[in-house]
Amino acid sequence: MTSLSLVRRIRARPAIVFDAITTAKGIEHWWGPDGGPVLLSEADPRVGGRFRVRFRKLDGTEHESSGEFLEIVRPTRIVMSWRWKGGLEDAGESRVEISLRPIPEGTELTLTHAQLQDEATCRSHAAGWTGSLEKLEAHFAAGSRASACP
Amino acid sequence: MVNYQKRLDRTFAALVDPTRRAILAELERKDSASISDLAEPFAIKLPAVMKHLDVLEDAGLVTRSKSGRTVTVRLRPQPMREAMAWLRRYERFWPRRLDGLAAYAESQEAEARSKER
């Protein structure tokens with residue numbers, strides 16, 4: 001229900017972007033957030049297969065996230081569940097959806113990260129509350145965005 | 001922590017109803033309000049307002065305190081803050097990840113092209 005959407009253009013063909021996201025070798029090259037090392041990277045890119053990534057930040061803290069590939073269509077679509085190990089940072093399971101669209105310069109990537117919700121409930125109510133929620137949000141955090149259903 | 005998702009579900013469920021959102025908006029403007037103050041702008045009776053307040057209170061979005069015969073209602077922003085904290089975390093997280101992904105994929109693309117030549 002609460003979700004974040006990002007669009008990014010990448011000068012590489014979709015198949016290359018897809019493999020960078022879904023293979024252990026690809027993931028270890030780009031996952032580290034701040035130049036700290038990726039300590040572990042596993043990915044089994046098929047429906048029901050799992051991924052696991054562990055990295056150390058330059059401040060010494062280690063973080064691990066893992067999940068399951070829910071949909072996988074090379075080279076256009078990846079849907080995966082997402083959970084941080086330990087649950088201290090984000091206790092619940094969320095869902096990451098990535099679509100890759102070919103464009104002349106390479107790939108347009110759209111990423112949506114959503115908190116898991118009962119999607120049917122979400123859809124039926126989406127129209128009603130989104131605007132008001134955003135208004136309330138403005139009260140607490142200027143600049144944050146939320147959207148309705150993923 | 002175990003109930004984090006449940007709490008968020010309750011927060012969002014409470015926000016689905018337009019009257020409840022209007023009540024929250026009203027409390028956002030004022031510091032606190034009595035139940036009759038809150039009922040005034042709506043064409044509904046006090047018991048209906050009480051029911052909405054029950055839902056909002058269960059979701060932790062408002063608190064009620066009684067002083068004599070007056071019940072004072074206040075906005076409690078914590079549940080909204082949790083939803084916002086979640087959002088902000090990933091607003092920081094993903095753009096940097098995608099920078100790294102783009103740099104890596106673009107280097108792979110260059111490599112693939114030099115092999116194809």
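Being a predicted model, the structure only gives us computed values, none of them experimental. (Residues numbered from 1 in each chain as written. Chains lettered and ligands numbered in written order. Predicted model: local features only at pLDDT ≥ 70, side-chain atom pairs only at ≥ 80, totals over all residues.)

Asks: Explain the confidence of the model for chain A to me, please; I cannot follow it from the model alone.
Replies: Low pLDDT means the predicted coordinates in that region are not meant to be read closely. Residue and element names in this part refer to chain A. Mean pLDDT over chain A stands at 78; residues scoring 70 or higher make up 71%. Highest mean pLDDT in chain A belongs to helix α1 (residues 14-22) (96); lowest belongs to helix α3 (residues 119-140) (41). Within the model, the stretch residues 118-150 combines pLDDT values under 50 with 51 contacts to residues more than four positions away or in other chains. (pLDDT = per-residue confidence, 0-100. Helix = DSSP H or I, 4+ residues; strand = E, 2+ residues; numbered from the N terminus. Contact = placed C-beta atoms within 7 Å.)

Asks: So what exactly am I meant to see when it comes to helix α4 (residues 46-58) of chain B here?
Replies: Given 3.6 residues per helical turn, the α-helix brings residues three or four places apart onto the same face. Residue and element names in this part refer to chain B. Helix length check: α4 (13 residues) gives 18 Å between terminal C-alpha atoms against 18 Å at 1.5 Å per residue, within 8%. Along α4, the positions that sit buried rather than exposed are V49, H52, L53 and L56. One side of α4 carries all its buried residues, which in axial view fall inside an arc of 100°. Residues of α4 that are exposed and point over 90 degrees away from its buried face: P47, D54 and D58. G60 occupies a position one or two residues after α4 and carries a positive phi of about 75°. (Expected span 1.5 Å × (residues − 1). Buried ≥ 20, exposed ≤ 12 C-beta atoms within 10 Å, placed from the backbone. Arc of directions from axis to C-beta.)

Asks: Could you clarify how one ought to interpret the pairing of strand β3 (residues 70-75) of chain B in this entry?
Replies: For a regular strand, the rule is simple: side chains alternate between the two faces of the sheet. All names here are of chain B. Bridge count between strand β1 (residues 32-34) and β3: 3 bridges; the pairing is antiparallel. Residue pairing in the sheet places A33 in a bridge with V73 of β3. Pairing between strand β2 (residues 62-67) and β3: 6 bridges, direction antiparallel. Bridged to R64 within β3 is V73. In this structure, the hairpin formed by β2 and β3 is closed by a connection of 2 residues, where G68 is found at a positive phi of approximately 65°. (Pairing = 2+ DSSP bridges.)

Asks: Just checking my understanding: could you explain the sheet that holds strand β7 (residues 106-115) of chain A for this structure?
Replies: In any sheet, the strands associate via hydrogen bonds between backbone groups, in a parallel or an antiparallel arrangement. Residue and element names in this part refer to chain A. Reading across the sheet, the 7 strands line up as β1-β7-β6-β5-β4-β3-β2 and stay open at both edges, with antiparallel pairing between neighbours. Each of the sheet's edge strands pairs with one partner strand only, and the pair in question is β1 (3-10) and β2 (38-43). Neighbour to neighbour, the strand axes of the sheet diverge by 20° on average, direction disregarded. Sheet topology places strand β6 (residues 94-103) next to β7; 10 bridges connect them, and they run antiparallel. Residue pairing in the sheet places I98 in a bridge with L111 of β7. Where α1 meets the sheet, it contacts β1, β2, β5 (77-84), β6 and β7, and its direction lies at approximately 160° from that of β6. (Axes fitted to C-alpha atoms, helices over the stretch in contact; angles between N-to-C directions.)

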